[in-house]
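An overview of the molecular structure
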Amino acid sequence: MSLSLNCTFRYEQGFSLHAELASDAHVTALCGASGSGKTTILMLIAGLLQPQSGVIRYGETSWVDVAEKKFVPPHQRRVGVMFQEPRLFPHFNVQENLNYGFQRRRGEATQMAKAVETLEIGDLLKRPVGSLSGGQKQRVALARAIVSSPELLLLDEPLTSVEPSLQERIAEYVKRVAKEFATPIVLVSHSVELVEQMAERTFWVKDGSVSG
Ligand SMILES: Nc1ncnc2c1ncn2[C@@H]1O[C@H](COP(=O)(O)OP(=O)(O)OP(=O)(O)O)[C@@H](O)[C@H]1O
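To start, this report covers the structure provided alongside it. The model shown is predicted, which means the values in this text are computed figures rather than measured ones. (Residues numbered from 1 in each chain as written. Predicted model: local features only at pLDDT ≥ 70, side-chain atom pairs only at ≥ 80, totals over all residues. Heavy atoms only, no water.)

**Considering the site of the ligand**
Looking at the ligand, there are 13 residues lining it, with Ser34, Gly35, Lys38, Thr39 and Thr40 nearest. Contacts to the ligand include threonine 40, whose side-chain N or O atom sits 2.5 Å from an oxygen atom. In the environment of the ligand, an oxygen atom lies 3.0 Å from a nitrogen or oxygen atom belonging to the side chain of glutamine 84. Starting from 630 Å² of accessible surface for the ligand in isolation, the protein chains cover 64%. Counted by class, the shell around the ligand contains three nonpolar, nine polar and one charged residues. (Near = heavy atom within 4 Å. Polar contact = N/O pair within 3.5 Å; in protein donor to acceptor, adjacent residues only side chain to side chain. Areas by Shrake-Rupley, 256 points an atom, 1.4 Å probe, with all protein chains shown as cover. Nonpolar A, V, L, I, M, F, W, Y, C, P; charged D, E, K, R; others polar.)

So this is what it looks like as structure tokens:
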């Protein structure tokens, strides 16, 4: 499935971005310095931000075409997102957190079982999220992003919020998700190792512009 962006976006406060990229890789990486615009690109793909001009396409579908006044809302794009900090519901247990993404997006039942197995979180399902370690939370967040059978998975710095000693372990789970699920992935990561091991296509983001 091919993803293409050719659009501009500007925050009111000033930062502006011109995102021009096209990829049909299974794993596409976005690399670049802090503040260069990587998360902003993911938010545009997810539909959490609207560009001021241009187009965003996924496969045969136009998600955004500003000239045509077309904007497909986030819930209709079937994009799974894992943010830098695992945004889990603290008052729900692990299963309830997974159910949330699952029910909303009408994922397939087998996808839930496969996500639980791939991320090895079967023993954690009844645990309140507040009682989990950083690495466990990260695995649950990864599972939640995939249970809804998304057509595209966006991973924003999946290793940054876990302590350095755990990063290698979480990296293994991220690689496992890429191997086990056919869903294309856009990965933002500072980890050169993870990018080199996973990405078939890498784009460099610098001061709001993209080169590949
Ligand atoms: N809501 C916002 N309003 C205004 N400016 C913002 C907003 N969010 C981000 N920015 C600015 O936009 C620029 C790009 O931010 P973005 O988060 O996309 O960068 P990044 O490459 O993902 O950085 P990091 O690697 O640190 O996560 C930065 O200068 C940031 O300060």
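**Some remarks on the nonpolar core**
Ranked by size, the top nonpolar core spans 40 residues in total, and within it Val94, Leu98, Ile121, Leu142, Leu155 and Leu187 carry the most contacts. Leu5, Ala19, Ile41 and Val205 belong to the second-largest nonpolar core, a separate cluster that totals 27 residues. (Core = buried A, V, L, I, M, F, W, Y, C linked by side-chain atoms within 4.5 Å. Buried < 20%, exposed > 50% of the residue type's maximum accessible area, 1.4 Å probe, protein only.)

**Structural notes on the packing of aromatic side chains**
In this structure the tally under the stated criterion is five aromatic pairs. Seen from their ring centres, phenylalanine 9 and tyrosine 11 are 4.8 Å apart, and the 90° between their planes marks the pair as edge-to-face. Overall, tyrosine 11 belongs to the partly exposed group, its relative accessible area being 28%. Here the aromatic rings of tyrosine 11 and phenylalanine 15 are separated by 6.4 Å at their centres, their planes lie at 40°, and the arrangement is tilted. The partly exposed category is assigned to phenylalanine 15, whose relative accessible area is 26%. Taken together, Phe9, Tyr11 and Phe15 form an aromatic cluster joined through their ring pairs. Directly above the ring of phenylalanine 181 sits lysine 114, whose terminal nitrogen or CZ lies 4.6 Å from the centroid. (Phe/Tyr/Trp six-rings, centres within 6.5 Å; stacked < 30°, edge-to-face > 60°. Lys NZ or Arg CZ within 6 Å of the ring centre and 35° of its normal.)

**As for the side chain of arginine 144**
In this fold, arginine 144 is placed in helix H5 (residues 134–147). One buried charged residue, arginine 144, forms no salt bridge at all, with the nearest opposite charge on glutamate 96 at 11 Å. If sequence neighbours within four positions are ignored, arginine 144 has contacts with Arg87, Leu88, Phe89, Asn97 and Leu98. (Helix = DSSP H or I, 4+ residues; strand = E, 2+ residues; numbered from the N terminus. Lys, Arg positive; Asp, Glu negative; His and termini not counted. Salt bridge = Lys/Arg side-chain N within 4 Å of Asp/Glu carboxyl O. Contact = heavy atoms within 4.5 Å.)

**Some details on the environment of alanine 178**
Within the secondary structure, alanine 178 is located in helix H6 (residues 164–180). Each C-alpha atom of the pair alanine 178 and leucine 153 lies 9.6 Å from the other, and the pair is 25 residues apart in sequence. The residues touching alanine 178, leaving out its near neighbours within four places in the chain, are His26, Val27, Ile185 and Met198.

**Remarks on the packing of H5 against H6**
The interhelical angle for the contact between H5 and H6, taken along N-to-C directions, is 15°, at an axis separation of 10 Å. Classed by the angle they form, the pair H5 and H6 counts as roughly parallel. When you trace H5 past H6, the crossing you get is right-handed. Mapping the contact onto sequence places Gly135, Gln138, Arg139, Leu142 and Ile146 in H5 and Leu166, Arg169, Ile170, Tyr173, Val174 and Val177 in H6. (Axes fitted to C-alpha atoms, helices over the stretch in contact; angles between N-to-C directions. Parallel < 35°, antiparallel > 145°, perpendicular 65-115°, else oblique. Left-handed = near helix turned anticlockwise from the far one by under 90°.)

**Let's talk about the pattern of salt bridges**
For the structure shown, the criterion picks out two salt bridges. One salt bridge in this structure joins arginine 176 and glutamate 120, with 3.8 Å as the shortest N-O distance. Residue arginine 176 is located in helix H6, and its partner glutamate 120 is located in the loop between helix H4 (109–118) and H5; the two are separated by 56 residues in the primary sequence. Among the residues examined, arginine 176 registers a relative accessible area of 33% and is labelled partly exposed. Among the salt bridges present, the one from lysine 175 reaches glutamate 172, with a minimum N-O distance of 2.9 Å. Of this pair, lysine 175 and glutamate 172 both sit in helix H6, separated by three residues, roughly a single helical turn. For lysine 175, a relative accessible area of 22% translates into the label partly exposed.

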